[in-house]
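# Coordinate analysis (summary)
Take a look at the letters that make up each chain.
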Amino acid sequence: MTNVQKNEILQLIETEKQRLGSYVAVAKKCGISETSLSQVRSGKYAAQGDDIYETIALALGYEFDDSTWVICEDTTNFRLVTEVLLDAKEESMFMGISHKAGAGKTSASDVFLSQNKMRGTFKVSCKEWNGTKFLRNIAREIGADVPDGYVTTGEIIESIAEAFKKKAHTKPMLIIDQANSLKPAALRTLIHLFNECEDILGLVVLGTENLEVEIKRGVRYNKPGYDELDSRLGRKYIHLIGSTLLDARKICEANGVKDKELQVRIFKQCEPTKITLSDGKSIEVVEDMRRLKRIVKRERLKMKYA
């Protein structure tokens, strides 16, 4: 690891301390002791190697990747996701985006997070967590004071709510990515988080189309908590559109593929599907942005070695 990278990580520690309120919270988020963090900050950490820097970097979202891929913000799906996130933050609302994998939900929310980190915005990327694991990850991310050892779900929710209430002046915002991975009990904890933080916290859950399907199925079959959860998310889930030919052109252009005919061929290779918009118009869109990205990268390699 270079000294430049280490200095950037040290600066990231200071930024995170401002966000979370204390070095203790930063150390907990990084999974290291406060003493170790203090030694790193002062340049007196005794252990050899860069492991401690890598641990901190991973926990605080430091980007080691020097990829030349450019995220194009002037595209349909990017604008839709950003608009939802802004609305939820400014109006302190709970909202849901449920759409197919590869639609660009994660990349748009990552950009939003990077632009609003110092304005009370936080993000958790979920795995197949139960309720306690989910809440502990939220608590660690936002710097909530949760003691080690056994605590009840209710106690963790109270700690999280208290942390958000202290940030009320920033209009705090929580983005929950890959929410469809969560166990049902974890999803239901959002009911209590809403009750504790109504009109204080903005929250957006991002997931595949299965997120909406499972919640609506739970409501239909009267499964415990699902009607309350659906209600708190507004009973309506935002669906994205996809990448139009114009969007694909912009993405190609931003990433070095400037030939107009090649841009069209790339769009066609992604096998666009026809959708009907709310105004009745039909358009062709690419729904899997990962596939578009892969083909653009392939064409760049061809140009590089031509």
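First, a word on what this report is: a plain description of the structure on this page. (Residues numbered from 1 in each chain as written. Predicted model: local features only at pLDDT ≥ 70, side-chain atom pairs only at ≥ 80, totals over all residues. Heavy atoms only, no water.)

### A few points about the overall build of the protein chain
- Within the protein chain, the secondary structure is distributed over 14 helices and six strands.
- In terms of overall size, the protein chain behaves like a compact globule, its C-alpha atoms giving a radius of gyration of 21 Å where 306 residues would be expected to give roughly 19 Å.
- Every one of the 306 residues in the protein chain was classed for burial, and the buried ones make up 43%.
- Across the protein chain, every contact between residues at least 6 apart in sequence was considered, and the portion connecting residues at least 24 apart equals 70%.
- For the protein chain, the exposed surface amounts to about 16,000 Å²; the carbon and sulfur share of it is 49%. (Helix = DSSP H or I, 4+ residues; strand = E, 2+ residues; numbered from the N terminus. Rg over C-alpha atoms; globule rule 2.2 N^0.38 Å. Buried < 20%, exposed > 50% of the residue type's maximum accessible area, 1.4 Å probe, protein only. Contact = heavy atoms within 4.5 Å. Areas by Shrake-Rupley, 256 points an atom, 1.4 Å probe, with all protein chains shown as cover.)

### Details of the packing of helix 8 (residues 153-166) against helix 9 (residues 184-197)
- Following both chains from N to C, one finds helix 8 and helix 9 inclined at 40°, their axes separated by 10 Å at the closest point. Classified by the interaxial angle, the pair formed by helix 8 and helix 9 is oblique. Here the hand of the crossing between helix 8 and helix 9 comes out right-handed. Every residue of helix 9 that contacts helix 8 at Thr-153, Ile-157, Ile-160, Ala-161, Phe-164 and Lys-165 is listed here: Thr-189, His-192, Leu-193, Glu-196 and Cys-197.
- Counted by class, the contact of helix 8 with helix 9 contains six nonpolar, three polar and two charged residues. (Axes fitted to C-alpha atoms, helices over the stretch in contact; angles between N-to-C directions. Parallel < 35°, antiparallel > 145°, perpendicular 65-115°, else oblique. Left-handed = near helix turned anticlockwise from the far one by under 90°. Nonpolar A, V, L, I, M, F, W, Y, C, P; charged D, E, K, R; others polar.)

### Brief notes about unusual backbone geometry
- You will see that Lys-171, though not glycine, has its phi angle at about 55°, which is positive.
- Looking at the element boundaries, Lys-171 is found in the loop between helix 8 and strand 3 (173-177).
- The backbone phi angle of Glu-271 is positive, close to 50°, even though this residue is not glycine.
- With respect to the helices and strands, Glu-271 occurs in the loop between helix 13 (260-269) and strand 5 (273-276).

### What to know about the nonpolar core
- Counting 56 residues, the largest nonpolar core has Ile-56, Phe-134, Ile-160, Leu-174, Ile-176, Leu-190 and Leu-203 as its most contacted members.
- Considering every element that reaches this core, the biggest residue donor is helix 9, with seven residues.
- Not counting the four nearest positions on each side in its chain, Ile-176 is found in contact with Val-124, Cys-126, Phe-134, Leu-182, Leu-190, Leu-203, Val-204, Val-205 and Leu-206.
- Counting 16 residues, the second largest nonpolar core, distinct from the first, contains Val-81, Ala-88, Val-111 and Val-204. (Core = buried A, V, L, I, M, F, W, Y, C linked by side-chain atoms within 4.5 Å.)

### Considerations on the packing of helix 2 (residues 23-30) against helix 3 (residues 34-42)
- Close contact between helix 2 and helix 3 brings their axes to 9 Å; oriented N to C, the two are set at 105°. The angle between the axes of helix 2 and helix 3 places the two elements in the roughly perpendicular class. From helix 2, Tyr-23, Val-24, Val-26 and Ala-27 reach across to helix 3, where they touch Glu-34, Leu-37 and Arg-41.
- Each residue belonging to the contact of helix 2 with helix 3 can be placed in one class, and the counts come to five nonpolar, no polar and two charged.

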